[in-house]
Amino acid sequence: MSHKPFKAVIPAAGLGTRFLPATKAMPKEMLPVVDKPAIQYVVEEAVAAGIEDVLIITGRNKSNIANHFDSVPELEHTLRTKGDDARLAAVLEASDLADIHTLRQGEPKGLGHAVLRAQRHVRDHPFAVMLGDDLIDARDPLLTRMLDEYDRHGATVIALMEVDPEHIHLYGVAAVEPTDDGDVVKVTGLVEKPSAADAPSNLAIIGRYVLNPAIFDVLEHTGPGKGGEIQLTDALQEIAADPEQGVYGVVFRGRRYDTGDKVGYIKAILQLAIDRDDLSGELRPWLQDFAADL
Ligand code: UTP
């Protein structure tokens, strides 16, 4: 690896309107998935892939996120005094995870704008953008694979997933060509939220990107796109069209939980809870009975 170490940027400054009123005073990335906020899973994923420097782009409820990754001496003291080691370890885990920084987006002008705000922190490092409401199961290490592909091709890498035509209008969608690796495609074009008829493929962009700092020059002149927002997809389209740069896609076939959507959020809690030794004993038979009565 000849480049500087990868950093991670987690944009968490969206308005989260699909979760109102829960997100009135709390970012959707802080909604608990079993017993951890969604964004903690994402930071853990970055750390598992070897990234030590994480920048979270925050919105109007910044303090919630910053406080979660900070130490809480009085809580730690109480748990220590009580001898509650398991809960103390859980509390310490969040504050010991990585070198975590936060930065305000200012106005929520879109994902591309949130990423551009990271420029001064990222400088000349390659970096991963990880959406704070998109969870990838720790047993399916997508980000590690993407960092490897970045090193192999020396080019931008995005994560793609096959999506049914009725849901394709919710995603950025890639036009692709095969490579000699069945899990990797060359991206020849990108469209943000196309209709099913206009979608160039069934491969949708999911919330993981590994970017070269050259993206910042592109984002600086990227104007508002779909929904009046500055779209990361539009900037990536420009990079994909540049023969000297190019974009590759890793086709992910593992477990992903979209916690930015109500049904996805409920599914994520059930799927992750059922896999937990401390919860599945009671939850599994209840769920089976419950489902049998539906
Ligand atoms: P979404 O479109 O899913 O988030 O953005 P949203 O706008 O908060 O959600 P709804 O549709 O109103 O419910 C994808 C990701 O980009 C971040 C969001 O926090 C989310 O992680 N984002 C989006 C920003 O950080 N800034 C923005 O201006 C927009």
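Residues numbered from 1 in each chain as written. Predicted model: local features only at pLDDT ≥ 70, side-chain atom pairs only at ≥ 80, totals over all residues. Heavy atoms only, no water.

**Focus on the overall build of the chain**
- Looking only at helices and strands, the chain has 11 helices and 13 strands in total.
- Here the C-alpha radius of gyration of the chain, 20 Å, is about what a compact globule of 294 residues would show, namely 19 Å.
- Dimensions of the chain, computed from C-alpha atoms along their principal axes, come out at roughly 60 × 50 × 40 Å.
- Within the chain, residue pairs in contact and separated by at least 24 positions form 76% of the contacts whose partners lie at least 6 positions apart.
- Carbon and sulfur atoms provide 52% of the accessible area of the chain, an area that totals close to 14,700 Å².
- Taking the average place of the 30 positive charges on the side chains of the chain and the average place of its 47 negative ones, the gap between the two points comes to 5 Å. (Helix = DSSP H or I, 4+ residues; strand = E, 2+ residues; numbered from the N terminus. Rg over C-alpha atoms; globule rule 2.2 N^0.38 Å. Contact = heavy atoms within 4.5 Å. Areas by Shrake-Rupley, 256 points an atom, 1.4 Å probe, with all protein chains shown as cover. Lys, Arg positive; Asp, Glu negative; His and termini not counted. Charge placed at Lys NZ, Arg CZ, Asp CG, Glu CD.)

**Overview of the site of the ligand**
- Around the ligand, the structure places 19 residues, and the nearest of them are Gly16, Thr17, Glu29, Gln105 and Gly110.
- Interatomic distance of 3.0 Å between a backbone N/O atom of Leu15 and an oxygen atom of the ligand.
- Contact with the protein chains removes 85% of the 580 Å² of surface that the ligand exposes when unbound.
- Those elements that provide at least two residues to the shell around the ligand are strand E1 (7-12) and helix H5 (111-116).
- Grouping the constituent residues of the shell around the ligand by class yields eight nonpolar, six polar and five charged. (Near = heavy atom within 4 Å. Polar contact = N/O pair within 3.5 Å; in protein donor to acceptor, adjacent residues only side chain to side chain. Nonpolar A, V, L, I, M, F, W, Y, C, P; charged D, E, K, R; others polar.)

**Here we look at the pattern of salt bridges**
- Applying the stated criterion across every chain, the model contains 18 salt bridges.
- Between Asp35 and Arg276 there is a salt bridge, with its nearest N and O atoms 2.9 Å apart. Placement of the pair is Asp35 in the loop between strand E2 (32-33) and strand E3 (36-37) and Arg276 in the loop between helix H10 (262-274) and helix H11 (277-292), with a sequence separation of 241 residues.
- Judged by its relative accessible area of 24%, Arg276 is partly exposed.
- Across the pair Asp84 and Arg87 runs a salt bridge, and its minimum N-O distance is 2.9 Å.
- For Arg87, a relative accessible area of 56% puts it in the exposed group.
- Several salt bridges share partner residues, and in doing so they unite Arg145, Glu149, Arg152, Asp181, Asp183 and Arg253 into one network. (Salt bridge = Lys/Arg side-chain N within 4 Å of Asp/Glu carboxyl O. Buried < 20%, exposed > 50% of the residue type's maximum accessible area, 1.4 Å probe, protein only.)

**Describing the layout of surface pockets**
- The space that makes up the second largest pocket amounts to roughly 720 Å³.
- Lining the second largest pocket are 33 residues; nearest its centre among them are Lys36, Gln40, Tyr41, Glu44 and Glu93.
- The set of elements that each furnish at least two residues to the lining of the second largest pocket consists of E3, helix H1 (38-48), helix H2 (62-68), helix H4 (85-96), strand E7 (134-136) and helix H7 (142-153).
- With five residues, H1 is the largest single contributor of residues to the lining of the second largest pocket.
- By residue class, the composition of the lining of the second largest pocket is 18 nonpolar, four polar and 11 charged. (1 Å grid on protein atoms, 1.4 Å probe; cavity = no way out; pocket = protein on both sides within 12 Å on 5 of 7 lines; lining within 4 Å. Points joined across faces, edges and corners; volume = space filled by probe spheres on them.)

**Concerning the environment of Ser71**
- When you line up the elements, Ser71 lands in the loop between H2 and helix H3 (73-82).
- Each C-alpha atom, one on Ser71 and one on Ala94, is 8.3 Å from the other, the two residues being 23 residues apart in sequence.
- Dropping the residues within four chain positions of it, Ser71 is found in contact with Glu76 and Ser95.

**Some details on unusual backbone geometry**
- Each neighbour pair has its own omega, and for Leu20 with Pro21 the value is 5°, a cis peptide bond.
- Looking at where Pro21 falls in the secondary structure, it is placed in the loop between E1 and E2.
- Even without glycine at this site, Val34 takes up a positive phi of about 65°.
- For Val34, the location among the structural elements is in the loop between E2 and E3.

**As for the pairing of strand E9 (residues 172-178)**
- Direction of pairing for E9 relative to strand E10 (residues 184-192): antiparallel, over a ladder of seven bridges. Considered in E10, the bridge of Ala174 is made with Leu190. (Pairing = 2+ DSSP bridges.)

**Remarks on the pairing of strand E11 (residues 203-211)**
- Counting buried residues in E11 gives nine out of nine residues, a clear majority hidden from the surface.
- Across four bridges, the pairing between strand E6 (residues 127-130) and E11 is antiparallel. The residue bridging Val129 from the neighbouring strand is Tyr209, located in E11.
- Across six bridges, strand E8 (residues 156-162) lies against E11 in antiparallel orientation. Note on E11: the bridge partner recorded for Val157 is Val210.

**Examining the packing of aromatic side chains**
- With the rule as written, the count across this model stands at four aromatic pairs.
- Aromatic side chains Trp286 and Phe290 sit 4.9 Å apart centroid to centroid with 15° between the ring planes, which places their arrangement in the stacked category. One end of the pair, Trp286, and the other, Phe290, are both in helix H11, four residues apart, so they sit about a helical turn from each other.
- Above the plane of the ring of Tyr41 lies Lys36, whose end atom (NZ or CZ) is 4.6 Å from the centre.
- Lying across the ring of Tyr248, Lys186 places its NZ or CZ 5.6 Å from the centre. (Phe/Tyr/Trp six-rings, centres within 6.5 Å; stacked < 30°, edge-to-face > 60°. Lys NZ or Arg CZ within 6 Å of the ring centre and 35° of its normal.)

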